Amino acid sequence: MHRIALAAATVAVSLVGVAVWRSAPGSVAHDFRTGTALADEADMEVTSPHAQVGKEYWVALPAADNLTNRPLTLLRGEFTRVPHGLKLIEYRAFSHEATEGHPMGPTPVGGSPGIPDLTRLHDYSDRPSRVAPHEPGDIFWAARLRVTGKVTGALTGCRYFYRQGSTDYQQDLSCVTKIRLGPPLKIRN
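Conventions and cut-offs
Residues numbered from 1 in each chain as written. Predicted model: local features only at pLDDT ≥ 70, side-chain atom pairs only at ≥ 80, totals over all residues. Heavy atoms only, no water. Salt bridge = Lys/Arg side-chain N within 4 Å of Asp/Glu carboxyl O. Helix = DSSP H or I, 4+ residues; strand = E, 2+ residues; numbered from the N terminus. Buried < 20%, exposed > 50% of the residue type's maximum accessible area, 1.4 Å probe, protein only. Pairing = 2+ DSSP bridges. Disulfide = S-S within 2.5 Å.

Caption draft 1: Local environment of the pattern of salt bridges. Counting across every chain of the model gives 9 salt bridges. The closest approach of N and O atoms between E45 and K178, which form a salt bridge, is 3.2 Å. In this pair, E45 is assigned in strand β2 (residues 45-51) and K178 in strand β10 (residues 167-181), connecting sequence segments 133 residues apart. For K178, a relative accessible area of 26% gives the class partly exposed. Here E78 ties to R159 by a salt bridge, and the two come within 3.7 Å at their closest N and O atoms. Linking E78 in strand β4 (residues 72-81) with R159 in strand β9 (residues 155-164), this pair joins segments that are 81 residues apart in sequence.

Below, the structure written as structure tokens:
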């Protein structure tokens, strides 16, 4: 009986050791290595004080700009922290060309004057997109979020997954989007 308990304890300690190693920076986590190929604009912060409870907004991740001498294939993007008061509905990938640039702040679902309705644009999330060496990517990822109440923190932790050569990488980029409740934004013609 004691041998079984000792064997179980040894296996448990071994599994904890493996879990700690897999989550260490620079280690392989979920078959993705920590990457450094994408540009990171550390000071990027966006604030939107006009959100309405019950409304939905698209929030773009930063542009995926390749800093290296080798092409890469962008696989997907995501936010790692969605604060209380926001509900993640879905992710999609859009073309900078179709949106006439990179959206900097939350974009209302349905669009608004001068801002296209991203929901109606082609979604490229079902296929990887190539990013040439030393070039910005044409595709960016965005999250569709519903405001469910007072937003208690910032939307942070932008993570991209990509392949360069035969290796898969994940890279976290600095990003902060503060969505706050307030009067609706009034558009003047």
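Let's pick the thread back up.
Caption draft 2: Structural context of the sheet that holds strand β8 (residues 139-147). With antiparallel pairing, the 4 strands of this open sheet are ordered in space as β5-β8-β3-β6. Pairing within the sheet leaves two strands with one partner each, and these edge strands are β5 (86-95) and β6 (107-108).

Caption draft 3: Representation of the state of the cysteines within the structure. Taken as a whole and judged by the stated rule, the model has 1 disulfide. The disulfide that involves C158 links it to C175, with 1.9 Å between the sulfurs. Disulfide C158-C175: the torsion about the S-S bond is 100°, which places it as right-handed. One end of the pair, C158, is in strand β9; the other, C175, is in strand β10, and 17 residues separate them in sequence. Judged by relative accessible area, C158 falls into the buried class, the value being 0%.

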